[in-house]
Amino acid sequence: MKNPYLTSYFPLLAIVLFSLSLSVRTEMELVALLKNAGIYDGMLEFFSETGIKLSLLALLMVMYFMVFAAMKLIADTINEVSLLFFSKDHEGESLKLIRSGASVYFAAGVVSLFSIYSFIGIGLIFAAATLIYFIYFVYKISPNLSIAGVIGTVFFQVILWSTMLLGIIYLAVKVYNSIMASLPI
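None of the values given here were measured: they were computed from a predicted structure.

Definitions and cut-offs
- Residues numbered from 1 in each chain as written.
- Predicted model: local features only at pLDDT ≥ 70, side-chain atom pairs only at ≥ 80, totals over all residues.
- Heavy atoms only, no water.
- Helix = DSSP H or I, 4+ residues; strand = E, 2+ residues; numbered from the N terminus.
- Rg over C-alpha atoms; globule rule 2.2 N^0.38 Å.
- Buried < 20%, exposed > 50% of the residue type's maximum accessible area, 1.4 Å probe, protein only.
- Contact = heavy atoms within 4.5 Å.
- Areas by Shrake-Rupley, 256 points an atom, 1.4 Å probe, with all protein chains shown as cover.
- Lys, Arg positive; Asp, Glu negative; His and termini not counted.
- Charge placed at Lys NZ, Arg CZ, Asp CG, Glu CD.
- Axes fitted to C-alpha atoms, helices over the stretch in contact; angles between N-to-C directions.
- Parallel < 35°, antiparallel > 145°, perpendicular 65-115°, else oblique.
- Left-handed = near helix turned anticlockwise from the far one by under 90°.
- Nonpolar A, V, L, I, M, F, W, Y, C, P; charged D, E, K, R; others polar.

Secondary structure assignment for the protein chain yields seven helices and zero strands. Put simply, the protein chain runs from its N terminus to its C terminus through helices and strands in the order α-α-α-α-α-α-α. For 185 residues, the compact-globule estimate of 2.2 N^0.38 gives 16 Å, and the C-alpha radius of gyration of the protein chain, at 21 Å, exceeds that figure by more than 25%. When the backbone C-alpha atoms are referred to their principal axes, the protein chain occupies close to 65 × 50 × 20 Å. Taking all 185 residues of the protein chain together, the buried fraction comes to 30%. Restricting to contacts in the protein chain with at least 6 residues of sequence separation, those with at least 24 account for 79%. Of the roughly 12,200 Å² of accessible surface on the protein chain, 75% is carried by carbon and sulfur atoms. In the protein chain, 10 positive and 10 negative side-chain charges are present, and the distance between their average locations comes to 8 Å.

Below, the discussion takes up the environment of L131. Assignment of secondary structure puts L131 in helix 6 (residues 119–141). Sequence separation of L131 and P143 is 12 residues, and the distance between their C-alpha atoms is 20 Å.

A few words on the packing of helix 3 (residues 49–86) against helix 7 (residues 147–182). Where helix 3 contacts helix 7, the axes come no closer than 10 Å and their chain directions differ by 150 degrees. When the axis of helix 3 is compared with that of helix 7, the two are roughly antiparallel. Between helix 3 and helix 7 lies a crossing of right-handed hand. Two secondary-structure elements touch here, helix 3 through M71, I74, A75, I78, N79, V81, S82, F85 and F86 and helix 7 through G149, G152, T153, F156, Q157, L160, W161 and M164. Its residues placed into classes, the contact of helix 3 with helix 7 shows 11 nonpolar, six polar and no charged.

It is worth spelling out the packing of helix 3 against helix 6 at this point. Pairs of packed helices are described in terms of their axes, by the angle between the two and the distance that separates them. At a minimum axis separation of 13 Å, helix 3 and helix 6 run at an interaxial angle of 25 degrees. It follows that helix 3 is roughly parallel to helix 6 by the angle criterion. The two elements helix 3 and helix 6 cross, and the hand of that crossing is right-handed. Mapping the contact onto sequence places F68, M71, N79, S82 and L83 in helix 3 and F126, Y133, F137 and I141 in helix 6. Considered class by class, the residues forming the contact of helix 3 with helix 6 number seven nonpolar, two polar and no charged.

Dropping the structure here:
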């Protein structure tokens, strides 16, 4: 008998692993930035080197954890809304079928730990895991969808994620431009 809850902790572990790999990489960059700015030596008067690094790591872990947890919440909501709109399944069997897809992100989180020296590497691993999970998602739910439902699900997901990503990029560029315009140079 297979326990359906055996992999229920994989999403949490995947979030922790990706948060850890990004936190370690960001901490390396922050320490280098603080040393170049001359702030790090002043911090050493109040904290030990290990204390500074652990504090930064803990703070960054919490920050990245919140971002990834929010992304998971949004992704689950988008997945379920797409099933609501396009699936012929009214019993929730599709949700049970896609549950094991969390192992894709868990495996990618483990692999991301080997890429802590590169933001690009971690980003590519996350993007590859997302693409693999999306293909897995569509494959698993496709028996409960018509052809139009498959097309609708794919476009629904792509349009929503693209809109959110472009919106975030647009806001980041606007904030950056307003900061640059307000500098007295």
